[in-house]
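One-letter residues, chain by chain:
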2 protein chains.
Amino acid sequence: MAASRDPRPCSIADALALVGEKYSLLVLREVCLGNARFDQLVRNIGAPRDILATRLRRLVDAGILTKRAYSERPQRFEYLPTQAGLELEPVLMTLMAWGDRHLRGDDDRPMVLEHVCGNELRPVVTCAACGDRVRHDDVSAHPQAPGWTVTGPSAA
Amino acid sequence: MAASRDPRPCSIADALALVGEKYSLLVLREVCLGNARFDQLVRNIGAPRDILATRLRRLVDAGILTKRAYSERPQRFEYLPTQAGLELEPVLMTLMAWGDRHLRGDDDRPMVLEHVCGNELRPVVTCAACGDRVRHDDVSAHPQAPGWTVTGPSAA
DNA sequence: CTCCGTGGGTTGGAAAATCCAACTAACCCG
DNA sequence: CGGGTTAGTTGGATTTTCCAACCCACGGAG
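Residues numbered from 1 in each chain as written. Chains lettered and ligands numbered in written order. Predicted model: local features only at pLDDT ≥ 70, side-chain atom pairs only at ≥ 80, totals over all residues. Heavy atoms only, no water.

**Looking at the protein's contact with DNA strand D**
Taken together, the neighbourhood of DNA strand D is formed by 23 residues, with Arg49(A), Tyr79(A), Lys22(B), Asp50(B) and Arg55(B) sitting nearest. Within the side chain of Arg76(A), a nitrogen or oxygen atom sits 3.1 Å from a sugar or linking oxygen of DNA strand D. Measuring from a phosphate oxygen of DNA strand D, one finds a side-chain N or O atom of Arg73(B) at 2.9 Å. Looking at the surface near DNA strand D, the elements that each hand over two or more residues are α3 (38–45), α4 (49–61), β1 (65–71) and β2 (76–81) of chain A together with α4 (49–61) of chain B. Looking at the surface near DNA strand D element by element, the count peaks at four residues for α4(A). (Near = heavy atom within 4 Å. Polar contact = N/O pair within 3.5 Å; in protein donor to acceptor, adjacent residues only side chain to side chain. Helix = DSSP H or I, 4+ residues; strand = E, 2+ residues; numbered from the N terminus.)

Shown next, in the form of structure tokens:
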């Protein structure tokens, strides 16, 4: 799935090579919600069983999920997120918020998240250093490796 | 690309149906950096020209990009992010941060972002209401529509 | 005017990935 | 024994992707 002759080293591309295939992020959605078993995943995601099987293998190999037997005799397995897998949750949250905003209405959200603080969780991306919400114009890009040309206002 | 018989209404799935196809998010990475022209995109992303053309059409149709002529005679076009497109940047940033952390080392980051505050930008997802960094265990899921079963600790 | 190069695509055919229904396998229950 | 559940695997049809080649409009050099 990687862009075979991508001349550009990029962590976004690398990440997508692992979790950018069809259904992979939906698998992660499910396991983060606690739906960990094959048939649950098939039903909830709506993926073909064979594709789901290959995705699970890949995610386990990549260290994003672990496969654990929840029953010997009969052998039955469940898939749980690793630390690396859990750390993809922010990606899912921002993606969900985007979809809620741009593809649905406020009245049509399939799911609402609640934070321990008692409020509805509206996730925002902030700068770890200053705590401010990150805006497009407040960020500049500094290439560290050859292969990058940044022409826009984000230029270093 | 949508999970054809997905029984589960979900904004993540909806969003991925638009921008989850191969190369789409890399297109967004480029246009957000200011690389707006077809040949630049081909080179920087490493996508086949025909696939890139169909992706661009789709993103324009979806209102994520706009196509603008930067020269009549000869007609030449550039692709710019709309507001909806720009709002996908947080997704790219968190994905990049994840890739930097889990697929590369601190010494091997292809690109570093800088925030106006003067510090290196490390994006974190926080709760808009209380400002705290969002942790997995601090979030609970409240389905608003039928089709959801949440079995884990995130259950409503 | 002719030839070359550039930007922005389109086209046809080969290769790969996906989809689907059916099947296996291991076990439990009545 | 027959039926049901879970977790996959298999074969073949369908759909996407990939790739190289081509096309068109133009600008500039000779």
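Okay, back to it.
**As for the environment of Met93(A)**
Relative to the elements of secondary structure, Met93(A) occurs in helix α6 (residues 89–103). Under the relative-accessibility criterion, Met93(A) is labelled buried at 9%. Contact partners of Met93(A), with chain neighbours within four places excluded, come to Leu113(A), Leu121(A), Pro123(A), Val134(B) and Val139(B). (Buried < 20%, exposed > 50% of the residue type's maximum accessible area, 1.4 Å probe, protein only. Contact = heavy atoms within 4.5 Å.)

**Observations concerning the pattern of salt bridges**
As enumerated under the stated definition, the model contains 18 salt bridges over all chains in all. For the salt bridge of Arg58(B) with Glu21(B), the shortest nitrogen-to-oxygen distance reads 2.9 Å. Here Arg58(B), found in helix α4, pairs with Glu21(B), found in the loop between α1 (11–19) and α2 (24–33); they are 37 residues apart in sequence, far enough to count as distant. Salt bridges here are not isolated pairs; linked through shared partners, they connect Arg8(A), Arg29(B) and Glu30(B). (Salt bridge = Lys/Arg side-chain N within 4 Å of Asp/Glu carboxyl O.)

**A short note on the pairing of β2(A)**
Residues and elements named next belong to chain A. Of the pairings in the sheet, the one linking β1 to β2 comprises six bridges and is antiparallel in character. Following the sheet pairing, Ser71 is matched in β2 by Arg76. Between β1 and β2, which pair antiparallel and follow one another directly, the connecting turn spans four residues, one of which, Arg73, has a positive phi of 45°. (Pairing = 2+ DSSP bridges.)

**Observations regarding the environment of Pro143(A)**
Mapping Pro143(A) onto the fold places it in strand β5 (residues 139–143). Sequence separation between Pro143(A) and Cys10(A) is 133 residues, and the spatial gap between their C-alpha atoms is 9.9 Å.

**So, the interface of chain B and chain A**
Residue-level contacts link 92 residues of chain B with 92 residues of chain A. Interface area, chain B with chain A, both sides summed: about 8000 Å², of which 64% is carbon and sulfur. On inspection of chain B and its partner chain A, the count reaches six salt bridges. In this structure, the salt-bridge partner of Arg101(A) is Glu87(B), at a minimum N-O distance of 2.3 Å. Contributing elements (two or more residues each) for the side of chain B that touches chain A: α1, α2, α3 (38–45), α5 (83–86), α6 (89–103), β3 (111–115), β4 (123–127) and β5 (139–143) of chain B. For the side of chain B that touches chain A, the element with the highest residue contribution is α6(B), accounting for 14 residues. Residue composition of the side of chain B that touches chain A, by class: 52 nonpolar, 21 polar and 19 charged. (Buried area = accessible area lost by both parts, 1.4 Å probe. Nonpolar A, V, L, I, M, F, W, Y, C, P; charged D, E, K, R; others polar.)

Fair warning: the whole summary comes from geometry, so function is off the table for now.
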